[in-house]
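Here is what each chain is made of, one letter per residue.
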Amino acid sequence: MPDTSTPSTRIFITTEDPLLRARDAAAHLSIGVSTFWRDVGTGVLPAPYYVRPKMPRWRLSELRAVIERRPRTSVVGGGRHDR
């Protein structure tokens, strides 16, 4: 039987670019899981790939791209850690 799937519906998993669960993706971004889901819902983070129904996954490379696009900020004086 020939492969009738289109490239946009096929998900390729490699060790260089693994698919992460929400919990692992949030940990990679150093945020909580609820914050992670909020950011996905508001479009700050990319939409998931659904490997199966109720099984969302995110590509590590896409999450790294979000980190790279974020502006770098620094706290100069007045922060809680100045004491």
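Let us now look at helix 3 (residues 60-69). Here helix 3 has its buried residues at Leu60, Leu63 and Val66. Buried residues of helix 3, viewed axially, fall in a sector of 120°; they line one side. Relative to its buried face, helix 3 has exposed residues pointing more than 90 degrees away, namely Glu68 and Arg69. Close packing links the buried residues of helix 3 with strand 1 (19-20), helix 1 (22-29), helix 2 (33-42) and strand 3 (55-59).

This part takes up the packing of helix 1 against helix 3. Where helix 1 contacts helix 3, the axes come no closer than 11 Å and their chain directions differ by 30°. Judged by the angle between their axes, helix 1 and helix 3 are roughly parallel. Two packed elements cross with a definite hand, and for helix 1 against helix 3 that hand is right-handed. Along its contact with helix 1, which presents Ala25, His28 and Leu29, the element helix 3 presents Leu60, Leu63, Arg64 and Ile67. Tallied by class, the residues present in the contact of helix 1 with helix 3 amount to five nonpolar, one polar and one charged.

Quick notes on the rules
Residues numbered from 1 in each chain as written. Predicted model: local features only at pLDDT ≥ 70, side-chain atom pairs only at ≥ 80, totals over all residues. Heavy atoms only, no water. Buried < 20%, exposed > 50% of the residue type's maximum accessible area, 1.4 Å probe, protein only. Helix = DSSP H or I, 4+ residues; strand = E, 2+ residues; numbered from the N terminus. Arc of directions from axis to C-beta. Contact = heavy atoms within 4.5 Å. Axes fitted to C-alpha atoms, helices over the stretch in contact; angles between N-to-C directions. Parallel < 35°, antiparallel > 145°, perpendicular 65-115°, else oblique. Left-handed = near helix turned anticlockwise from the far one by under 90°. Nonpolar A, V, L, I, M, F, W, Y, C, P; charged D, E, K, R; others polar.

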